[in-house]
Amino acid sequence: MEKKFNLETKINHDGLLHKTYNGAIVPPIVQTSLFTLGDWDGAEKAFSNPTESLIYSRLHNPTCQIVEAKIAELANGEAAKLYASGMGAISAAIMHYIKANAHIITIKNIYAPAHNFISNYLPQKCNVEVTYVSGEDVNEFENAIKENTVLIYLESPASVTYQLQDLKAIAALAQKYGIATIIDNTWATPIFQKALDFGIDLEVHSVSKYLNGHSDVIAGVVIGKKSILDHMLLNEMALFGAKMAPFEAFLILRGLRTLIPRLKQHQSSTLEIANYLESDNRVRTVYYPGLDSFPQKKLAEKQMTGYTGLLSFELNTDKLEEIKSFVNKLTIFKLGVSWGGHESLVYAPYISYSRELTAEQFAKTNISAGLIRISIGLESVVDLKNDLNQALDY
Ligand SMILES: Cc1ncc(COP(=O)(O)O)c(C=O)c1O
């Protein structure tokens, strides 16, 4: 699409695509497993150039390709590839760089299943070594580098307590040592944080969150240089097979159309609620990068252009019964995992993290049993504040 267009136009305008589909304003779901290849020569031609050919929907599918091109543009990436889940995208991206006996540097508070994959699965299967850093100081990364370091895996803002990593400085360090970098950019989205522009090699997302935004799809995406994604297409995607189905891609395209206005609403409601919680003495600490009191506010302003709708806080009590009472008293906020959808949710990460990780690994995340996470949806912010206010009489 023309570079001159702004993001809102790039999301909602499909250029000449309508011509391909008889003027249809919404592209169809190309619900097919395979594409016929004509004659013998046609098949030879397709297989001699599999990254550019339509052969089988485990590799490319036109409905998925429309969404992939759009997401790549939003992130300033050369290419994007949809996966069947965020974890499908994360594990494929990591496996792209891993070999037996390699060393990974990552941060303590990455999403628990990614943590589990890196710290339990990979060491058992491939004897991979892992070093954890807080991520707040670039020197920690440099000090952790070893002969066999192949990958720095980031998540900024990190899960649950949202510490940031300096993406530009870490990408420069990694390039100096020939080490690859991946970031889970789900929290900020490609709208609020252009991680690839800072020199990060691959950006991964759980598309199940804001990019789709309607809590009706599980999906993931990897974004980066076309040469890397083409290599992944024939290896981690074709061989592990975590490929997105066309119907899911169709739903994501519909969700993407409203991404920017949705994010504006999530941001304004969440800032209001974060400030409200911070000012209430029934709350001890609020973790949200959009707050002026956020310890890394300067870095947040340097590398992000906005803040989304997920925040955490600790109540002014250590009594688990009172914390449970707060959660159970909420009526609009429903108790459930995930986030980034139209609906407001509440969750206590301790419930699953303490089961996903070993006791020792969980202790290192600094997540307390009483830490509460809320995802601010698109309901009236007045109603949401009233709901929190009544539940705060725990
Ligand atoms: C930060 C983050 N990354 C990745 C994932 C995994 O995505 P999915 O559930 O789509 O596999 C999640 C899911 O909650 C997440 O919160």
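Residues numbered from 1 in each chain as written. Predicted model: local features only at pLDDT ≥ 70, side-chain atom pairs only at ≥ 80, totals over all residues. Heavy atoms only, no water.

Engineer: Can you help me understand the pairing of strand 4 (residues 149-155) in this one?
Structural biologist: With 7 of 7 residues buried, strand 4 lies mostly within the body of the structure. The pairing of strand 4 with strand 5 (residues 180-184) spans 5 bridges and is parallel. Across the sheet, residue Tyr153 finds its bridge partner in strand 5, namely Ile182. (Buried < 20%, exposed > 50% of the residue type's maximum accessible area, 1.4 Å probe, protein only. Helix = DSSP H or I, 4+ residues; strand = E, 2+ residues; numbered from the N terminus. Pairing = 2+ DSSP bridges.)

Engineer: Just checking my understanding: could you explain the sheet that holds strand 12 (residues 372-375) for this structure?
Structural biologist: Strands belonging to one sheet form pairs held by backbone hydrogen bonds; the direction of such a pair is parallel or antiparallel. Pairing in this open sheet of 5 strands is mixed, and the strands run 8-9-12-11-10 from one edge to the other. The sheet terminates laterally at strand 8 (283-287) and strand 10 (334-335), the two strands that pair on one side only. Bridge count between strand 11 (residues 345-347) and strand 12: 3 bridges; the pairing is antiparallel. Opposite Leu345, over in strand 12, you have Ser375 as the bridge partner.

Engineer: Would you explain the site of the ligand in this entry?
Structural biologist: Around the ligand, a shell composed of 14 residues is seen, among which Gly86, Met87, Asp184, Ser208 and Lys209 lie nearest. One nitrogen or oxygen atom from the main chain of Met87 is found 2.8 Å from an oxygen atom belonging to the ligand. Contact distances for the ligand include 3.4 Å between an oxygen atom and a side-chain N or O atom of Tyr111. Contact with the protein chains covers 90% of the free accessible surface of the ligand, which is 390 Å². Considering each element in turn, the shell around the ligand owes the most residues, 3 residues, to helix 5 (residues 86-97). (Near = heavy atom within 4 Å. Polar contact = N/O pair within 3.5 Å; in protein donor to acceptor, adjacent residues only side chain to side chain. Areas by Shrake-Rupley, 256 points an atom, 1.4 Å probe, with all protein chains shown as cover.)

Engineer: Is there a simple way to explain the packing of aromatic side chains in this structure?
Structural biologist: Here a ring pair, both rings aromatic, is described through the centre-centre distance and the interplanar angle of the planes. Counted according to the given criterion, the structure contains 7 aromatic pairs. Between Phe247 and Phe250 the ring centres are 6.2 Å apart and the planes differ by 20 degrees, which places this aromatic pair in the stacked class. With Phe247 and Phe250 both in helix 11 (residues 246-256) and 3 residues apart, the pair spans about one turn of that helix. Members of the aromatic cluster, connected to one another through ring pairs, are Tyr162, Trp187, Tyr288 and Tyr307. (Phe/Tyr/Trp six-rings, centres within 6.5 Å; stacked < 30°, edge-to-face > 60°.)

Engineer: Would you explain unusual backbone geometry in this entry?
Structural biologist: Among all residues save glycine, negative phi is the norm, and among peptide bonds the norm is trans. With an omega of -5 degrees, the peptide bond between Ser156 and Pro157 qualifies as cis. Within the fold, Pro157 resides in the loop between strand 4 and helix 8 (167-177). Look at Asn76: it is not a glycine, yet its phi comes out positive at around 55 degrees. Residue position: Asn76 is located in the loop between helix 4 (62-74) and strand 1 (79-83). The residue Val160 is not glycine, and still its phi comes out positive at about 75 degrees. Here Val160 lies in the loop between strand 4 and helix 8. Judged by relative accessible area, which is 2%, Val160 ranks as buried.

Engineer: Hey, could you run me through the environment of Ala93 in this one?
Structural biologist: Within the secondary structure, Ala93 is located in helix 5. The spacing of Ala93 and Glu78 is 15 residues in sequence and 16 Å in space, taken between C-alpha atoms. If sequence neighbours within four positions are ignored, Ala93 has contacts with Ile182, Leu202, Val204 and Met232. (Contact = heavy atoms within 4.5 Å.)

Engineer: What is the right way to look at the domain arrangement of the protein chain in this model?
Structural biologist: Accessible area lost during the coming together of the parts is what is often quoted as the interface size. Per the domain assignment, the segments of the protein chain are domain 1 (7-30 + 61-256) and domain 2 (259-391). Taken over C-alpha atoms, the centre of domain 1 sits 24 Å from the centre of domain 2. Carbon and sulfur atoms supply 61% of the area that domain 1 and domain 2 bury against each other, a total of about 3600 Å² over both sides. For domain 1, the biggest contributors to the area lost against domain 2 are Trp187, Phe192 and Tyr210; these three give 25% of the whole. (Domains from an automatic or database assignment. Buried area = accessible area lost by both parts, 1.4 Å probe.)

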